[in-house]
Amino acid sequence: SEVHSSQDLYSYTPQSLPHAECPQPYPPERQDCNISECPPVAAWKVRPWSKCSLTCGAGVMERRVECLTSKDQPSKSCRQIEKPESHAACQERECELFTSCREVQIKEEFRKDGEYFLRIKNKILQIYCADMQTSYPKEYVSLRSGQTDNFSEVYGYRLQNPFECPFNGSRRQDCFCRNDYPAAGYTLFHKVRLDVSAMQIITTDLLFTQTLLGRAVPFATAGDCYSAAKCPQGQFSINLTGTGLKVAESTKWVAQGNYATVKVHRSQVSNPH
């Protein structure tokens with residue numbers, strides 16, 4: 001047996017054989033790798049900023065941002081986390097707030113239809129001014145929640161037996177009905193006209209609307225000739241989200257015609273449907 005102290009050192013090295021004793025052929029010392037063609041180098045490139053969207057107050061400016069190769073070819077290899085901003089806030093100057101589109105037209109000498117900030121009833125509202133090339137521009141509210149939330153309908157189906165209310169009042173295409181009501185129509189609203197002095201919507205202004213079916217129907221209006229049995233089918237919807245306005249609590253809808261019924265549902269944000 002052998003005894004060694006902890007200070008004994010051992011060194012093991014592999015023993016090399018002379019080349020002459022190695023089997024042939026010799027393995028290559030170099031090998032090609034990654035032989036596919038490298039993709040062209042790409043980087044984010046930006047175009048100049050656009051003009052501010054508003055001539056006064058808080059606006060937005062935009063620019064085009066593209067991922068391009070050194071040969072200006074589109075690429076998808078740029079890192080999204082490094083993409084420059086394509087939108088930025090801007091403000092050329094503070095706005096002097098006016099109370100009507102006519103006042104904007106006269107004092108600022110603006111003749112272009114578009115969105116302006118007006119001070120109405122001590123509130124600053126974004127209002128669309130139309131007919132700015134005329135002496136009588138009009139104020140409109142852009143409905144920002146979307147047209148599908150702002151529509152009016154006069155339902156076109158009529159029951160063969162007008163004293164029934166089948167299917168618990170729900171709509172069914174297989175009802176025993178005829179689709180021949182001449183006043184039927186379905187209208188979508190993009191903007192509604194506002195009487196800024198009375199703070200009332202002019203429901204019969206249809207400038208910024210789209211009638212998809214039949215006759216144009218005024219804003220916040222519904223109707224039908226479906227049944228005489230308290231079975232209303234015509235519908236309307238109002239959604240003023242994002243406009244700074246809401247339907248007054250005192251607003252009421254009036255029933256007109258024979259056997260007319262009114263059912264209005266107000267959401268929690270006081271916009272009726």
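Right above here is the structure, for reference.
Position numbers for residues count from 1 along each chain, tracking the sequence in the order it is written. Reporting of local features is limited, given that this is a predicted model, to residues whose pLDDT is at least 70; pairs of side-chain atoms are given and counted only at 80 or more, and all residues count toward the totals for whole chains, interfaces and linings. The side-chain figures draw on all heavy atoms in the structure; neither hydrogens nor water molecules are used.

Caption draft 1: Structural context of the nonpolar core. Formed by 23 residues in total, the largest nonpolar core has its most connected members in V104, L118, I127, M132, F219 and I238. Contributing elements (two or more residues each) for this core: α1 (101-108), β5 (114-120), β6 (123-130) and β12 (191-195). Residue contacts are defined here by distance: any two heavy atoms, one from each residue, within 4.5 Å place the two residues in contact. With residues up to four places along the chain from it excluded, the contact list for V104 reads F98, E109, F110, Y116, L118 and M132. Nonpolar core, defined: a set of buried Ala, Val, Leu, Ile, Met, Phe, Trp, Tyr and Cys residues in which side-chain atoms within 4.5 Å join the residues together. Accessibility here uses a 1.4 Å probe with only protein chains present; expressed as a share of the type maximum, an area under 20% marks a residue as buried, one over 50% as exposed, and anything in between as partly exposed. Counting six residues, the second largest nonpolar core, distinct from the first, contains Y155, C177, Y226 and C231. Secondary structure elements are defined from DSSP: runs of H or I of at least 4 residues count as helices, runs of E of at least 2 residues count as strands, and each element is numbered from the N terminus.

Caption draft 2: Spotlight on the side chain of T187. Along the chain, T187 turns up in strand β11 (residues 185-189). Judged by its relative accessible area of 0%, T187 falls in the buried class. We define a polar contact as two N or O atoms separated by no more than 3.5 Å, with the added condition that, inside protein, one atom must be a possible hydrogen donor and the other a possible acceptor, whereas residues neighbouring each other in sequence contribute only through side-chain atom pairs. A distance of 3.1 Å separates a polar atom in the side chain of T187 from a polar atom in the side chain of T211. A polar contact of 2.9 Å, which involves the side chain of T187, links it to the backbone nitrogen of V217. Those residues in contact with T187, other than ones at most four positions away along the chain, are N150, F151, S152, T209, Q210, T211, R215, A216 and V217.

Caption draft 3: Structural detail: α1. Along α1, the positions that sit buried rather than exposed are C101, V104, Q105 and E108. Down the axis of α1, the buried side of the element spans an arc of 105 degrees, and every buried residue falls inside it. Packed against the buried residues of α1 are β5, β6 and β7 (138-142). An arc is given here, and it is the one of the directions from the helix axis to the C-beta atoms.

Caption draft 4: Structural context of the environment of G169. Within the secondary structure, G169 is located in the loop between β9 (157-159) and β10 (177-179). Considered as a pair, G169 and A229 are 60 residues apart in the sequence and their alpha carbons are 9.7 Å apart. For G169, the residues in contact, after removing those within four places along its chain, are C231 and Q233.

Caption draft 5: Quick look at the pairing of β7. A large share of β7 lies buried, amounting to four of its five residues. DSSP-based pairing: two strands are paired if at least 2 bridges between them are found. Sheet topology places β6 next to β7; three bridges connect them, and they run antiparallel. By the bridge assignment, C129 is partnered in β7 with E139. Taken together, the three bridges between β7 and β12 define a ladder with antiparallel strand orientation. Residue pairing for β12: S142 is matched across the bridge by K191.

Caption draft 6: Just the pattern of salt bridges, in detail. The working definition used for a salt bridge is a side-chain nitrogen of Lys or Arg within 4 Å of a carboxyl oxygen of Asp or Glu. Under the criterion given, the structure shown has 13 salt bridges. In this structure, E115 and K191 form a salt bridge, with 3.9 Å as the shortest nitrogen-oxygen distance. On the criterion of sequence distance, the pair formed by E115 in strand β5 and K191 in strand β12 is long-range, its members being 76 residues apart. Take E115: its relative accessible area is 21%, and that puts it in the partly exposed class. Residue classification places K191 among the buried positions, given a relative accessible area of 16%. One network of salt bridges, with partners in common, ties together R47, R64 and E66.

Shape is all these values report; function is a separate question.
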